[in-house]
Amino acid sequence: MVMGPTHAMSGAALGLGVAAVVPSWLGGPTTAAGALTFAAITAGAALLPDIDSPQATVSRTFGFLSMGAAHVCENTALSVYDVTKTRRDDPRENGHRTATHTIWFAIAVGLLVALAVSVFGKPASVIVLFLMLGLAVRGLFPEWSSKSDWLAITVVAAVASAAVWAWLPQMAGAAALGITITLGIVAHLCGDALTKSGVPMLGGLVTINGKRWWDICPPGFMRIKANGVADKVLLGVFSVAALYLAYLVTLQPAALGANWAPITAVG
């Protein structure tokens, strides 16, 4: 797999890149602060598919709670694989990189989040913000988070989610949160598709050559190794892209087609 920081940074870059084109009636950002928050949530969601692996970055974010969720998701994903596989699909001993690594998962989770927020309102919004911002902290600040107790990450996530709810309520809307979750998961899938194993993006529903769980990946010479040189290069590329897009979002939003004021004009 691509490492957690690379996933998170790719999600942040994607979030910043599309923040300006999401219409406000769908909960899209209307300020630079909103766009940065949009990207932070997308960065967190870009770690979410790896909740099917107890060894992944996401599984360590909230201590025993996220670790327990990872074990449940791993077993659930394996059950989905076993039920949907054909005789030509390989036998598996765990569910990593199966059900949560499909486009169907990205769409379903985004819709479920939007539905939950629509039905339950503030409690659902705060929970989603808390979880995604916690994952963003874990992914975007790996050195600090690896040295900190999971309780510290939990406190930071709680404070950040409360701040977003208080000062940027439009970013806690049903459509906005659903969109950010789907975008982040898609960023993760695209990153994993570059690796040696590929990713079953259409797995479970689309059958090709008798297999229902076939991996999408580039030609062999283009595939990368987790935590290898190419992975580190990608992290650098996404970091530069995210910084540049953050600059545009805050200081030259018109370059992205956004109609909010640059932060230098605020006040």
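These numbers were taken from a predicted model, which means no experiment stands behind them. (Residues numbered from 1 in each chain as written. Predicted model: local features only at pLDDT ≥ 70, side-chain atom pairs only at ≥ 80, totals over all residues. Heavy atoms only, no water.)

> Break down the overall build of the chain for me, citing the residues and quoting the values.
Summing up its helical and strand segments, the chain has 9 helices and 0 strands in all. Ordered by position in the sequence, the α and β elements of the chain form the string α-α-α-α-α-α-α-α-α. Taken against the 2.2 N^0.38 rule, which gives 18 Å for 267 residues, the C-alpha radius of gyration of the chain at 18 Å falls within 12% of a compact globule. Its C-alpha atoms give the chain principal-axis dimensions of roughly 65 × 40 × 40 Å. Counting across all 267 residues of the chain, residues that qualify as buried make up 48%. Once local pairs closer than 6 in sequence are excluded, the contacts in the chain between residues at least 24 apart make up 68%. Surface summary for the chain: the accessible area is close to 12,500 Å², and the carbon and sulfur share equals 70%. Charge centroids of the chain, computed over 15 positive and 12 negative side chains, lie 3 Å from each other. (Helix = DSSP H or I, 4+ residues; strand = E, 2+ residues; numbered from the N terminus. Rg over C-alpha atoms; globule rule 2.2 N^0.38 Å. Buried < 20%, exposed > 50% of the residue type's maximum accessible area, 1.4 Å probe, protein only. Contact = heavy atoms within 4.5 Å. Areas by Shrake-Rupley, 256 points an atom, 1.4 Å probe, with all protein chains shown as cover. Lys, Arg positive; Asp, Glu negative; His and termini not counted. Charge placed at Lys NZ, Arg CZ, Asp CG, Glu CD.)

> Any details on the UniProt feature "transmembrane region" (unreviewed entry) in the chain? Residues and values, ideally.
Per the UniProt record, "transmembrane region" (unreviewed entry) is found at residues 63-81, 102-120, 126-141, 150-168, 174-194 and 233-250. In residues 102-120, the share of helix is 95% and the share of strand is 0%. The end C-alpha atoms are 27 Å apart. Taken end to end, residues 126-141 has its terminal C-alpha atoms 22 Å apart, with 94% of it in helix and 0% in strand. (UniProt positions renumbered as here; feature names shortened; annotations may be inferred.)

> Describe the nonpolar core, listing the residues and the values that go with them.
In terms of nonpolar packing, the biggest core is built from 51 residues, with Met132, Ile181 and Ile185 touching the most fellow members. Breaking this core down by element, the ones donating at least two residues are α1 (4-19), α2 (32-45), α4 (103-120), α5 (122-140), α7 (150-167), α8 (174-192) and α9 (229-251). In contact with Ile181, other than residues within four places in its own chain, are Ala45, Leu48, Val109, Gly110, Val113, Val128 and Met132. (Core = buried A, V, L, I, M, F, W, Y, C linked by side-chain atoms within 4.5 Å.)

> Just give me the short version of the packing of aromatic side chains, but keep the residues and values in it.
Applying the stated criterion across every chain, the model contains 4 aromatic pairs. With a centroid separation of 5.4 Å and an interplanar angle of 45 degrees, the aromatic rings of Tyr81 and Trp213 are classed as tilted. One end of the pair, Tyr81, is in helix α3 (residues 64-84); the other, Trp213, is in the loop between α8 and α9, and 132 residues separate them in sequence. By relative accessible area, which is 3% here, Tyr81 ends up buried. What makes Trp213 buried here is its relative accessible area of 7%. Directly above the aromatic system of Tyr81 lies the positively charged group of Arg92, at a separation of 5.6 Å from the ring centroid. (Phe/Tyr/Trp six-rings, centres within 6.5 Å; stacked < 30°, edge-to-face > 60°. Lys NZ or Arg CZ within 6 Å of the ring centre and 35° of its normal.)

> Hey, could you go over the side chain of Thr250 for me, with residue numbers and the actual values?
In this fold, Thr250 is placed in helix α9. Among the polar contacts made by the side chain of Thr250, one reaches the main-chain carbonyl oxygen of Ala246 at a distance of 2.8 Å. In contact with Thr250, not counting residues within four places along its chain, are Ala32, Leu36, Pro262 and Ile263. (Polar contact = N/O pair within 3.5 Å; in protein donor to acceptor, adjacent residues only side chain to side chain.)

> I'd love a proper account of the packing of α1 against α8, names of residues and values included.
As a packed pair, α1 and α8 sit with axes 9 Å apart at the nearest point and diverge in direction by 130 degrees. For the element pair α1 / α8, the angle class is oblique. In this structure, α1 crosses over α8, and the sense of that crossing is right-handed. Packed against α1, whose contacting residues are His7, Ser10, Gly11, Leu14 and Val18, the element α8 presents Leu183, Ala187, His188, Gly191 and Asp192 at the interface. Looking at the contact of α1 with α8, its residues break down into 4 nonpolar, 5 polar and 1 charged. (Axes fitted to C-alpha atoms, helices over the stretch in contact; angles between N-to-C directions. Parallel < 35°, antiparallel > 145°, perpendicular 65-115°, else oblique. Left-handed = near helix turned anticlockwise from the far one by under 90°. Nonpolar A, V, L, I, M, F, W, Y, C, P; charged D, E, K, R; others polar.)

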